[in-house]
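Each chain is listed here by its residues.
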Amino acid sequence: MSAPSDAEVIGRSLGEPEAFGLIYDRHAATVLRFLGRRAGAKVAEGLVGELFRIAFERRKTFDASRASALPWLYGIGSNLLLKHRRAEARRLRASARIAAVEAPDRRASAAALDARLLFPRVAGAIEALPGDEREALLLFAWEDLSYQSMAEALELPIGTVRSRLNRARAHLRELLEPKGKGRVRSQ
Amino acid sequence: MKPVDLARKLRRDAAFEPAVLGRGKDALMAAIQQEVEPRRRPTIIPQLPYADIRAALSFLERAFGFREIPASRMEGADGVIHYAIVEFGDGVIGIGTQGAHGAISPRSGGIESQYLSVAVADVEAHYQRARAAGARIAREPRGHGADVHAYEAFDPEGHRWRFVHQRLREVPQERTPA
């Protein structure tokens, strides 16, 4: 006997609301890590309960043809994070400092210098992206979502996801390499 | 290095207390419970009379797994509880002061004029819990493990409770997603 799919569990939860607890059991840890990476532990701890409450309230609208509820939960989380942009920006800057310090320094001291300059620039470039591109980039790069999952999370056609991600890449490249200078390519 | 790979370098996990997920689950289930409550208002509520309601509530929770609905409690200024509603699965039972509405606890009346049947998922486990909490068993369960169909027990005031194996309800067809 195989475990019921998320869609089956959510379907059952329409008649037996407590069944929705299983969706939490299955995905809360993943969702919490996602929120934590984006906005830090404190914000994430506050948001994870809210996220699942919203999901519970909207469970009637879950597309039952999807096997996994996870992309849908990511989508709700992405919306919730909009209110926490400052926390996200702070965390991103902190991560840039840490990445710069931890960057492997096997070659010359010049490489370390690069890392110190590079990562804050990457953080700044991510922050400077238009919101929808930034979201697509982070779901792809940090959460390793497939195009299909991103399409479900962002409620967009898969082609739109692909082009949005391409625009994000192009923008990021521009932001990192003003006037085509190849400094960032040094690694 | 490609832009996405650079962005990936800034991915950093947050450190959480281990209790976070449990707290989130509790909050979710409480929210779910709130949504469930209004729809569950049953059309029939058995009212059981007790001489000591506080003791009865404590026993029903410990031994039988009932849960008091917090908003239902009526308590006097002297701290005496006059009434409360407990729930179990889809059912609720009123726990009232004996004498009110003419109902008498078996402890005072000396007779049981009724018994209550409660459907539970795991009769054997329920039986073990009730026994461990000191419930007086009126009828031992027969069979073993999943075969155990029912048992009966008295609460401290002599109400007789019958716990029977719950058949899983089927989800109505129109609610099942394709």
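Fair warning: this is a prediction, and the values are worked out from it, not measured in the lab. (Residues numbered from 1 in each chain as written. Chains lettered and ligands numbered in written order. Predicted model: local features only at pLDDT ≥ 70, side-chain atom pairs only at ≥ 80, totals over all residues. Heavy atoms only, no water.)

Moving on to the pattern of salt bridges. Taken as a whole and assessed by the stated rule, the structure comprises 24 salt bridges over all chains. Here A:Arg66 ties to A:Glu152 by a salt bridge, and the two come within 3.9 Å at their closest N and O atoms. Note that A:Arg66 is positioned in the loop between α2 (21–57) and α3 (70–81) and A:Glu152 in helix α7 (residues 147–154), a separation of 86 residues in sequence. Residue A:Arg66 shares its accessibility class with A:Glu152, and that shared class is buried. B:Glu152 serves as the salt-bridge partner of B:Arg162, at 2.9 Å between the closest nitrogen and oxygen. In this pair, B:Arg162 sits in strand β9 (residues 160–165) while B:Glu152 sits in strand β8 (residues 150–154), placing the two residues 10 residues apart along the sequence. When its relative accessible area of 7% is taken as the criterion, B:Glu152 is described as buried. Ionic contacts of the salt-bridge type, sharing partners, join the residues A:Arg38, A:Arg85, A:Glu88, A:Glu127, A:Arg134 and A:Glu135 into one network. (Salt bridge = Lys/Arg side-chain N within 4 Å of Asp/Glu carboxyl O. Helix = DSSP H or I, 4+ residues; strand = E, 2+ residues; numbered from the N terminus. Buried < 20%, exposed > 50% of the residue type's maximum accessible area, 1.4 Å probe, protein only.)

This part takes up α2(A). Given a rise of 1.5 Å per residue, 37 residues ought to cover 54 Å, yet the end C-alpha atoms of α2(A) are separated by just 13 Å, more than 12% below that figure. Taking the largest bend as the criterion, α2(A) deviates by roughly 130°, centred on A:Gly40. (Expected span 1.5 Å × (residues − 1). Bend = angle between axes of the 7 residues up to and from the residue.)

Take the sheet that holds β9(B) next. All names here are of chain B. Read from one edge to the other, the open sheet built from 4 strands follows the order β6-β9-β8-β7, with strand pairing classed as mixed. The two strands at the open ends of the sheet, each matched to only one other strand, are β6 (115–120) and β7 (136–139). When the angles between neighbouring strand axes are averaged without regard to direction, this sheet yields 30°. In the packing of helix α3 (residues 53–64) onto the sheet, the strands contacted are β8 and β9, and the crossing angle to β8 comes to about 155°. Here helix α5 (residues 123–132) sits on the sheet in contact with β6, β7, β8 and β9, set at roughly 20° to β8. (Pairing = 2+ DSSP bridges. Axes fitted to C-alpha atoms, helices over the stretch in contact; angles between N-to-C directions. Contact = heavy atoms within 4.5 Å.)

Moving on: the packing of aromatic side chains. The tally for this structure, following the rule as stated, stands at 13 aromatic pairs over all chains. Grouping aromatic residues by their ring pairs yields a cluster made of B:Phe59, B:Phe64, B:Phe66, B:Phe88, B:Tyr127, B:Tyr151, B:Trp161 and B:Phe163. (Phe/Tyr/Trp six-rings, centres within 6.5 Å; stacked < 30°, edge-to-face > 60°.)

This part covers the interface of chain B and chain A. Taken residue by residue, the interface counts 35 residues in chain B and 53 residues in chain A. Interface area for chain B against chain A, summed over the two sides, is near 3800 Å², with a carbon-plus-sulfur share of 66%. It is B:Leu10, B:Arg12 and B:Phe16 in chain B that bury the most area against chain A; as a group they hold 20% of the surface buried on that side. Where chain B touches chain A, the interface holds 4 salt bridges. As a salt-bridge pair, A:Asp25 and B:Lys25 come within 2.9 Å of each other at their nearest N and O atoms. For the pair chain B and chain A, the interface holds 10 residue pairs in polar contact (both at pLDDT 80 or more). Looking at the side of chain B that touches chain A, the elements that each hand over two or more residues are α1 (3–8) and α2 (20–39) of chain B. Per-class residue counts for the side of chain B that touches chain A are 20 nonpolar, 2 polar and 13 charged. (Buried area = accessible area lost by both parts, 1.4 Å probe. Polar contact = N/O pair within 3.5 Å; in protein donor to acceptor, adjacent residues only side chain to side chain. Nonpolar A, V, L, I, M, F, W, Y, C, P; charged D, E, K, R; others polar.)

Everything listed is a geometric property; what it means functionally is a separate question.
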